[in-house]
Amino acid sequence: KANRKFHPEDTIVRAGEAVIGGGNFSVIAGPCSVESEEQVVGIAEAVKASGAAMLRGGAFKPRTSPYSFQGMGTPGLDLLLEAKKATGLPIVSEIMAPRYVELFEEKVDVVQIGARNMQNFDLLKEVGRMSKPILLKRGLSNSYEEWIMSAEYIMSEGNENVILCERGIRTFETYTRNTLDLSAIPAVKKMSHLPIIVDPSHAAGMAWMVEPLAMAAIAAGADGLIIEVHNDPPRAKCDGQQSLTPAQFDILMRKMGVLVDLM
Ligand code: PEP
Ligand code: MN
């Protein structure tokens with residue numbers, strides 16, 4: 001179902017007024033994790049004013065250490081709903097286990113499968129029965145074929161609204177958090193009709209490198225970007241070092257707009 005051979009036209013995924021794929025370019029922005037109403041509503045208003053199409057925010061966080069902030073859980077989803085009410089932006093949030101499917105079906109517009117769960121086949125089948133679009137991140141060391149097969153797991157259960165997201169892979173290089181694989185964009189577009197977006201924040205791991213990677217992703221033909229934005233990066237509970245301030249995000253959106261118009 002994900003194969004371009006049997007489905008030549010681009011898939012277009014919609015959430016509220018946001019459109020991803022088929023020649024549209026959309027930006028999803030927001031904090032790594034939801035921390036408070038003030039934080040998430042403030043960021044939502046700022047990124048909306050800069051032209052973002054959707055709001056991201058983690059309520060359930062897949063942290064390397066069990067002692068790191070694990071996210072606010074369900075109250076975090078409710079704060080995202082407050083931000084949606086204030087701005088109209090559809091919300092994207094990560095689901096970590098099949099037991100949350102009903103909760104996410106009720107509260108979230110686009111369900112994110114994180115890199116670490118790309119081959120959690122049971123979870124993929126469960127979200128394949130949801131009515132919401134799925135944002136499927138590429139695993140830390142997975143091939144294009146494996147990634148598209150994970151999309152196939154979701155689609156085989158009936159949910160054909162899948163957005164792929166390249167977020168950098170593990171390589172020998174340690175300077176960056178991950179290595180952004182720009183080849184994924186043209187390769188996946190040849191192999192599949194599904195839209196592909198890029199997450200320069202988790203690829204770089206450093207705020208100053210988000211802009212060049214975002215521009216490169218647009219030049220390579222990405223259907224959109226997902227970018228971490230925080231009102232106070234040094235005090236963020238998660239991924240502050242790679243988060244842009246709303247002011248930096250605004251400048252980036254203007255620069256990207258110029259490039260998108262050229263494409
Ligand atoms: C995230 O989007 O905050 C996240 C945890 O991303 P990834 O699964 O790509 O590491
Ligand atoms: Mn993050």
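Residues numbered from 1 in each chain as written. Chains lettered and ligands numbered in written order. Predicted model: local features only at pLDDT ≥ 70, side-chain atom pairs only at ≥ 80, totals over all residues. Heavy atoms only, no water.

Enquirer: What is the right way to read the sheet that holds strand β9 (residues 196-198) from this model?
Expert: Hydrogen bonding along the main chain pairs the strands of a sheet, whether they run parallel or antiparallel. Read once around its circumference, the closed barrel built from eight strands follows the order β3-β4-β5-β6-β7-β8-β9-β10, with strand pairing classed as parallel. Going from strand to strand, the sheet's axes swing by 25 degrees on average, the running direction of each strand aside. As paired strands, strand β3 (residues 26-30) and strand β10 (residues 224-228) are joined by five bridges and run parallel to one another. Bridge pairing in β10 places G30 opposite E228. Contacting β4 (54-56) and β5 (91-94), helix α2 (residues 74-87) runs over the sheet at an angle of about 165 degrees to β5. Sheet strands touched by helix α5 (residues 144-156): β7 (134-137), β8 (162-166) and β9. Its angle to β8, the strand with the most contacts, is close to 155 degrees. (Pairing = 2+ DSSP bridges. Helix = DSSP H or I, 4+ residues; strand = E, 2+ residues; numbered from the N terminus. Axes fitted to C-alpha atoms, helices over the stretch in contact; angles between N-to-C directions. Contact = heavy atoms within 4.5 Å.)

Enquirer: I would appreciate a short explanation of the pairing of β3 in the present structure.
Expert: Every other side chain in a regular strand lies on the same face of the sheet, so the side chains alternate between the two faces. With five of five residues buried, β3 is to be regarded as a mostly interior element. Of the two faces of β3, both are covered, the one formed by S26, I28 and G30 as well as the one formed by V27 and A29. In this structure, β3 lies alongside β4, joined through two bridges in parallel fashion. Each bridged residue has a counterpart across the sheet, and for I28 the counterpart in β4 is M54. For the crossover from β3 across helix α1 (residues 37-50) to β4, the handedness is right-handed. (Buried < 20%, exposed > 50% of the residue type's maximum accessible area, 1.4 Å probe, protein only. Right-handed = clockwise from strand over helix to strand, strands pointing away.)

Enquirer: I tried to follow unusual backbone geometry on my own but got confused; where do I start?
Expert: Glycine aside, negative phi is the norm for most residues, and most peptide bonds take the trans geometry. In this model, D239 sits at a positive phi of 60 degrees, which is unusual for a non-glycine residue. Along the polypeptide, D239 turns up in the loop between β10 and α9 (246-262).

Enquirer: Whenever I open this one, the site of ligand 1 confuses me. Can you help?
Expert: Close to ligand 1 lie 13 residues, the nearest being R56, K61, A115, R116 and R167. At a separation of 2.8 Å, an oxygen atom of ligand 1 approaches a polar side-chain atom of R116. Interatomic distance of 3.1 Å between a side-chain N/O atom of H202 and an oxygen atom of ligand 1. Considered on its own, ligand 1 offers 300 Å² of accessible surface; in the complex 97% of this is hidden by protein. Tallied by class, residues from the shell around ligand 1 come to three nonpolar, three polar and seven charged. (Near = heavy atom within 4 Å. Polar contact = N/O pair within 3.5 Å; in protein donor to acceptor, adjacent residues only side chain to side chain. Areas by Shrake-Rupley, 256 points an atom, 1.4 Å probe, with all protein chains shown as cover. Nonpolar A, V, L, I, M, F, W, Y, C, P; charged D, E, K, R; others polar.)

Enquirer: Just checking my understanding: could you explain the coordination of the manganese ion (ligand 2) for this structure?
Expert: Expected angles at a metal are 109.5 degrees for tetrahedral coordination by four donors and either 90 or 180 degrees for octahedral coordination by six donors. Surrounding the manganese ion (ligand 2) are the protein donor atoms C32 (SG), H202 (NE2), E228 (OE) and D239 (OD), at 2.0 to 2.4 Å. Sequence spacing of the donors to the manganese ion (ligand 2): C-x169-H-x25-E-x10-D. Linking C32 in the loop between β3 and α1 with E228 in strand β10, this pair joins segments that are 196 residues apart in sequence. C32 sits in the buried class, given a relative accessible area of 2%. For E228, a relative accessible area of 1% gives the class buried. (Donors = N, O, S within 2.8 Å, 3.2 Å for Na, K, Ca; no water.)

Enquirer: Before we go on, may I ask you to explain the packing of aromatic side chains in this structure?
Expert: Two numbers describe a pair of aromatic rings. These are the distance of the centres and the angle of the planes. For the coordinates displayed, the defined rule picks out three aromatic pairs. Centroid distance F60 to F104: 5.8 Å. Interplanar angle 45 degrees. Geometry classified as tilted. Taken together, the residues span a long stretch of sequence, with F60 in the loop between β4 and α2 and F104 in helix α3 (residues 101-107) at a distance of 44 residues. Judged by its relative accessible area of 10%, F60 falls in the buried class. Aromatic side chains F121 and Y153 sit 4.5 Å apart centroid to centroid with 25 degrees between the ring planes, which places their arrangement in the stacked category. You can see F121 sitting in helix α4 (residues 121-127) and its partner Y153 sitting in helix α5, a full 32 residues away along the chain. Relative accessible area serves as the criterion here: at 33%, F121 is assigned to the partly exposed category. The class for Y153 is partly exposed, based on a relative accessible area of 30%. (Phe/Tyr/Trp six-rings, centres within 6.5 Å; stacked < 30°, edge-to-face > 60°.)

Enquirer: Just to check I follow, could you spell out the packing of α1 against α9 for this structure?
Expert: Working note: a packed helix pair is described by the angle between its axes plus the distance between those axes. Where α1 contacts α9, the axes come no closer than 9 Å and their chain directions differ by 20 degrees. With respect to α9, the axis of α1 lies roughly parallel. Relative to α9, the crossing made by α1 is right-handed. Seen from α1, the contacting residues are A46, V47 and S50; seen from α9, they are P246, F249, D250 and M253. Of the residues contributing to the contact of α1 with α9, the split by class is five nonpolar, one polar and one charged. (Parallel < 35°, antiparallel > 145°, perpendicular 65-115°, else oblique. Left-handed = near helix turned anticlockwise from the far one by under 90°.)

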